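# Per-entry structural report
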Amino acid sequence: MTQTWNATRRSVVAGVLLGTTVVVGPLTAPSNAAPSQPFGTSATAPTAENDRSILDLIPAQARDRMLAQAPLVDAANVVRTAVEAGAPRGYAGIGLVDDHVTLWWKGTLPGEVAAAVATARRTAPVEVVGATYSRTELKKAAAKITPVVDADPKDAAHAVRLRTDGSGIEVAVDPKISARQPKLPATGVSTRTVVRQRMVERSRYNDSAPYDGGIGIGLTTYACTAGFGVRNHTTNVGYLLTAEHCGPIGQPWHVGWNTNTNTGTLIGYGVASNDDHDTMLVSTSSPGSHIYVGGQNDEVRAQVTGWTEVFPGQLLCQSGYTSAGEIGGPVCNLRVDFHYDDIEDLVEATQLDGDESARGGDSGGPVYYVNANGTVLAAGTTTRSAGPGFGFQDFATARDDYGDIRPATALASTCRVSYVVTNSWGTGFNASVTVYNDGPAVNGWSLGWTFPGSQLIQGHWNGVFQQTGAAVTVGNESHNASIPTNGAVSFGFTADGSPAVPVPFTLNGTTCN
């Protein structure tokens, strides 16, 4: 069968970064390590030997800051959905700033975007700030500058960035004093140079089917890390998502390579790649629904429940194979700073503690957002680093490259629900619910759940509510009946009782993650 890879375009969130290497190289591993055993169905993926989850491995302050961003990410996605539904107009960017979401816009907000902002404010604070330039204007100016920057790879300039706040363009230059700076063309847009180190490419040891993200993989010995097990939703064919620079298409990929016998377990073959975006699919009939998050030789994993768009200001983790051996767990406190809008579509971030963001052998490994229950959302795959500077390709771009691929999850579903308790007191609580649609566009929706106790809804907004006993059904209102593919809609309520999280949720009869 011939697979046709769809290449669709989307609006991306622009932002501005701080630093940058690709992450490849021979990895050290035992020559005859015992195969890992497939993991069970626990959401937080503890093991009998250490009974730990991803929540135990992240420093408390970084973990708490990441979890506190859940309502901000939900609110930003509601606004993003409205922005992407229309023409770009005055849109400049959107990001997470401290304890709120900021939307930068040139001119007057269109009615539908203003309505989305009002809805999102029921979930988290949203600020609208005027922008000097729209993103369309910045892209037009960047198109004149980028060929000059790319013309000589030996000169100082190495990246062109659109500022998230719409204030202008940044050209990143190498800190080497001897490097020549090119003469940039006039564009009519404010342009400044910033000193940033160039990133370089970076390249776990043993696993058995189903193959989870975070394992060390290679053509023979280990050179890279697997990102996520994924499936094509249309064909149900399975793959591992990793970095393109790790190896050529058509070559076999192995895990558990024994250097004494020169043999290993065949995962599959590289079947599709995008050189510009540094993404690749390796065929496998058994893509796993977890990622390794502990050390190189333990079994600490986290369950993947879906994927997420990424926004400037969002905090993420990465679990590359080499870093797992160096520090015994994930690299977290990675703040998204910038999303390129060029041929690479790279996302850059900074490790806020000043630590190494990635190491040789981490390339292709999972970049992810951590949920409050210890599950994770796929955010992308590692590509480059330079000290605390970190570069990765976001999962949304991988979906553009290969059509309707989704993380392999224990529950194969086209929807995901984020349920966040935004306030609570002795006798009740407020909750915000955001529904994410991973399937075809929905026109008319109904979300259902059953409370685990005697919770009773007293007030609500942005939905038509019905409650019979513990069973609750929420239908759309006229203004929010449509949920586009990759879009989100939110509503909320006030209830009496304890703030327990109900499960499962069903969207038009389909059980959601």
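Structure: above.
In short, a report on the structure. (Residues numbered from 1 in each chain as written. Predicted model: local features only at pLDDT ≥ 70, side-chain atom pairs only at ≥ 80, totals over all residues. Heavy atoms only, no water.)

### Remarks on the sheet that holds strand 11 (residues 228-232)
Our working definition: In this scheme, strands are said to pair when DSSP sees at least two bridges between them. Secondary structure counts use DSSP, requiring at least four H or I residues in a row for a helix and at least two E residues in a row for a strand, with both numbered from the N terminus. Note on geometry: axes are C-alpha line fits, over the in-contact stretch for helices, and angles between N-to-C directions span 0 to 180 degrees. Here a residue-residue contact requires only that any non-hydrogen atoms of the pair lie within 4.5 Å.
Pairing within the open sheet is antiparallel, and its six strands lie in the order 13-14-15-12-11-24. With partners counted over all chains shown, the strands left at the sheet margins are strand 13 (252-258) and strand 24 (405-407), one partner each. Taking the axes of each pair of neighbouring strands and ignoring which way they run, one obtains an average angle of 40° across the sheet. Relative to strand 14 (residues 263-274), strand 13 runs antiparallel, the two sharing five bridges. Its bridge partner lying in strand 14, Asn 258 is registered against Thr 263. Its contacts with the sheet place helix 7 (residues 395-402) against strand 11, strand 12 (238-242), strand 14, strand 15 (279-283) and strand 24, and it is angled at close to 145° to strand 24.

### Considerations on the packing of aromatic side chains
The criterion, for reference: When two rings of Phe, Tyr or Trp (its six-membered ring) have centres within 6.5 Å they constitute a pair, described as stacked for plane angles under 30 degrees, edge-to-face for angles over 60, and tilted for the intermediate range. Only protein chains enter the accessibility calculation, which uses a 1.4 Å probe; a residue is then buried when its area is under 20% of its type maximum, exposed when over 50%, and partly exposed in between.
If you walk through the whole model with that rule in mind, you get 15 aromatic pairs. Taking 5.6 Å as the distance between ring centres and 85° as the angle between the ring planes, the aromatic pair formed by Phe 465 and Phe 491 counts as edge-to-face. Linking Phe 465 in strand 30 (residues 464-468) with Phe 491 in strand 33 (residues 488-496), this pair joins segments that are 26 residues apart in sequence. Each member of the pair Phe 465 and Phe 491 is classed as buried.

### Re the pairing of strand 20 (residues 347-351)
With respect to burial, strand 20 is a largely interior element, five of its five residues being buried. The alternating pattern of strand 20 places Val 347, Ala 349 and Gln 351 on one face and Glu 348 and Thr 350 on the opposite face, and all of these are buried. Across five bridges, the pairing between strand 19 (residues 331-339) and strand 20 is antiparallel. Pairing of Leu 334 across the sheet is with Gln 351, part of strand 20. Summarising the sheet, strand 20 and strand 23 (residues 389-394) pair through four bridges and their orientation is antiparallel. Note on strand 23: the bridge partner recorded for Val 347 is Phe 392.

### A look at the state of the cysteines
Applied cut-off: For this text, the term disulfide refers to a pair of cysteine sulfurs within 2.5 Å.
A full pass over the atoms with the stated rule returns three disulfides. One disulfide in the model links Cys 317 with Cys 332; its S-S distance is 2.0 Å. Its torsion about the S-S bond being 110°, the disulfide of Cys 317 and Cys 332 is classed as right-handed. Of this pair, Cys 317 sits in strand 18 (residues 315-318) while Cys 332 sits in strand 19, and the two are 15 residues apart along the sequence. Using a relative accessible area of 6% as the deciding quantity, one classes Cys 332 as buried. When the cysteines of the protein that form disulfides are numbered from the N-terminus onward, they connect as 1-2, 3-4, 5-6.

### Focus: helix 7
Burial runs high along helix 7: eight of the eight residues are buried. Buried within helix 7 are the following residues: Phe 395, Ala 396, Thr 397, Ala 398, Arg 399, Asp 400, Asp 401 and Tyr 402. Of the residues one or two after helix 7, Gly 403 is the one with positive phi, at around 80°.

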